[in-house]
Amino acid sequence: MASLWRLPSHRGFVFGIAAAIAIFVSGSRAIAQASDQTIAFYEDRLKRDPDDAVASARLSGEFLQRLRQSGDSRWLKRATEAAEQSVRAVPAPQNPAGLSARARAHFASHQFKDALADAEKFRRLHPGKADGFELLADAQLELNELASARQNLDRLRDSAGESLGWHVRMARLAFAKGDGDEARVHFDGAVAFAKEAFPPSKFWPAWALVQRGGNLFAQGEWVAAELSYAAASDFLPGAWFILDRMGELRAAQGRWDEAIAAYRKAIEGCPLPWLKQALGDVFTSAGRLEEAKPLLDAAEADFLASANAGEAIFFHHLAAFYADSKPNPVEAENWARKDLEIRRTPASLDGLAWALYRAGKFAEAATFTREALAAGAATGGDTHVLYHSALILLRADEAPKGAELMKRAADLNPGFGAFHAHR
């Protein structure tokens, strides 16, 4: 079974979000405390022996796990540094743990081509290890190499059996191919593995339930999504990633005060700029523009600080931010083109097409939309890409195709026009 900390980066009955906020307790703090002890242990080993390649590789994994739990990108830098330290201490041919850690750090940094290169090197050096299939599949999913990703996921299952990580990856693949039924089967499988295989952990069942709920929300099944979020909250009350999803759901329902309360509490627990953007978008949608402005300004500053520090993790966010939240078509196009340099996928192609559309460059927007559709968007499950593509092609006098895409978006997700958070 795949180790849980290796999972990648890329939520009830009517559930009162105020209740979830009121019982924000020690679940995430307890996880952080346990992780602090593990980190301290490996840091102490490295103080005594800086060339302990195993300790630095495992420390990198701990830092990535803290990144997932907290959303604080400072952990990403530390994870990358620890992985590089491991590979420097012992070269990759004799250090599969260090090479694997570096590939995962590249992946988390959105350096997907570098992650793929490390994954391919890992496979050549250590052909019998399941890690290689995981690493390859993760990078290939992000680079839209779906057939190759499926092959490696099949090899992963044959090598190590089914697992939480395998089910989540299979669900992502199914979503990318527009197969909502298969995605649901695998998200259910992920939840089952999280509950049964790791009973002491509260984080992983909550995380898996949130992933399942997000998939249900993306299919317009809001009641089922809320049930999944409520179940997640039973494991980890007040976790920022549950509050984020509940805030998005409440905003889609037009329950603005509850959405605002959820996002405010989520931001207290997590510094991610797109949470500030989401709350700013909620205020904008509620017509409270004066309250939206400081949040959007803060999100913008955080996004740019990351980009100016040489990080690529928010390029896609910046493109969407300047296209929709704080319109600036020139900047939207600039960041969308940077994102496209990292990966040429339906989502990144749509990001540039949408930025061009918002700038009034309709013919050029249509060119990138057609490429996005040919790359898999036409049959994929992302209804926001389908919606953008429909509007762009309608403006390009391709009414039949635009209408077809609009209908497909509505069939996949009847609520696709409602509020959604840019993640």
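As the structure is a computational prediction, the values presented were derived from the model and not from experiment.

Q: Teacher, can you tell me more about the overall build of the protein chain here?
A: Within the protein chain, the secondary structure is distributed over 22 helices and zero strands. For 423 residues, the compact-globule estimate of 2.2 N^0.38 gives 22 Å, and the protein chain sits close to it at 21 Å. Over its C-alpha atoms, taken along the principal directions, the protein chain stretches across nearly 65 × 45 × 40 Å. A total of about 17,300 Å² of accessible surface is found on the protein chain, and carbon and sulfur atoms cover 54% of it. Here the protein chain contributes 51 positive and 54 negative side-chain charges, whose respective centroids are spaced 2 Å apart.

Q: Where do I start with the packing of helix α7 (residues 130–142) against helix α9 (residues 164–176) in this structure?
A: Packed helices, taken two at a time, are described by the angle their axes make and the gap between the axes. In contact at an axis separation of 11 Å, α7 and α9 are set at 25° when each is read in the N-to-C sense. Classified by the angle their axes make, α7 and α9 are roughly parallel. α9 is crossed by α7, and the crossing has left-handed handedness. Within the contact between the two elements, α7 uses E134, D138, L141 and E142 and α9 uses R169, R172 and L173.

Q: In this structure, what is going on with unusual backbone geometry? I would like to understand it.
A: Note on backbone geometry: most residues besides glycine have negative phi, and most peptide bonds are trans. Even without being a glycine, H110 presents a positive backbone phi close to 65°. In this structure, H110 sits in the loop between α5 (96–108) and α6 (112–125). Unusually for a residue other than glycine, D397 sits at a positive phi of about 65°. Relative to the elements of secondary structure, D397 occurs in the loop between α21 (383–395) and α22 (399–412). Under the relative-accessibility criterion, D397 is labelled exposed at 71%.

Q: So what exactly am I meant to see when it comes to empty space enclosed by the protein here?
A: A water-sized probe rolled over the atoms picks out the places where empty space is left. In this structure, the second largest cavity encloses a volume near 40 Å³. As for the second largest cavity, its lining consists of A103, R104, F107, A115, L135, D138 and A139. Only α5 and α7 provide two or more residues apiece to the lining of the second largest cavity.

Q: Is there a simple way to explain the packing of helix α17 (residues 315–325) against helix α19 (residues 346–358) in this structure?
A: Between α17 and α19, whose axes approach to 10 Å, the crossing angle comes to 25°. Judged by the inter-axis angle, α17 sits roughly parallel to α19. Crossing of α17 over α19 shows left-handed handedness. Where α17 abuts α19, its residues H316, A323 and D324 lie against A347, S348, W354 and R358. For the contact of α17 with α19, the per-class residue count stands at three nonpolar, two polar and two charged.

Q: What am I meant to see in α9 here?
A: Every α-helical turn comprises 3.6 residues, leaving residues that sit three or four positions apart pointing alike. Given a rise of 1.5 Å per residue, 13 residues ought to cover 18 Å, and the 19 Å separating the end C-alpha atoms of α9 matches this to within 8%. Among the 13 residues that make up α9, ten are buried, leaving the element largely enclosed by the rest of the structure. For α9, the complete set of buried residues consists of L164, G165, W166, H167, V168, R169, M170, A171, L173 and A174. Those residues of α9 that are buried are in contact with α7, α8 (146–160), α10 (180–197) and α11 (203–218). Among the residues trailing α9, G178 stands out with phi positive, at a value near 80°.

Rules used throughout
- Within each chain, residue numbers correspond to sequence positions counted from 1 in written order.
- pLDDT decides what is reported in this predicted model: residues at 70 or higher carry local features, side-chain atom pairs at 80 or more are listed and counted, and totals for whole chains, interfaces and linings draw on all residues regardless.
- Water and hydrogen atoms play no part in the side-chain values, which are based on all heavy atoms of the structure.
- Secondary structure elements are defined from DSSP: runs of H or I of at least 4 residues count as helices, runs of E of at least 2 residues count as strands, and each element is numbered from the N terminus.
- The quantity called the radius of gyration is restricted to C-alpha atoms. Its globule counterpart is 2.2 Å times the number of residues to the power 0.38.
- In these tables, accessible area is a Shrake-Rupley quantity obtained with a 1.4 Å probe, and a residue counts as shielded only by the protein chains included in the view.
- Within this scheme the basic residues Lys and Arg register as positive and the acidic residues Asp and Glu register as negative, but His and the chain ends are omitted.
- Every charge is mapped to an atom, namely NZ of Lys, CZ of Arg, CG of Asp or CD of Glu.
- Axis definition: a line fitted to C-alpha atoms, limited for helices to the stretch in contact. Angles are taken between N-to-C directions and run from 0 to 180 degrees.
- Our angle categories are set so that under 35 degrees counts as roughly parallel, over 145 as roughly antiparallel, 65 to 115 as roughly perpendicular, and the remainder as oblique.
- The hand of a helix crossing depends on one turn: near helix anticlockwise from the far one by less than a right angle means left-handed, and clockwise means right-handed.
- Contacts are assigned to residue pairs that have any heavy atoms within 4.5 Å of one another.
- Burial status follows relative accessibility: with a 1.4 Å probe on protein chains alone, a residue under 20% of its type maximum counts as buried, one over 50% as exposed, and anything between as partly exposed.
- Lining residues are those with an atom within 4 Å of a point, where the points come from a 1 Å grid over the protein atoms alone and group into cavities, where a 1.4 Å probe fits but cannot get out, or pockets, open sets with protein on both sides within 12 Å along at least five of seven lines.
- Grid points are joined across faces, edges and corners, and a volume is the space filled by probe spheres set on the points.
- By the convention adopted, Pro, Cys, Tyr, Trp, Phe, Met, Ile, Leu, Val and Ala count as nonpolar, Lys, Arg, Asp and Glu as charged, and the other residues, Gly among them, as polar.
- An expected span of 1.5 Å times one less than the residue number is assigned to each helix.

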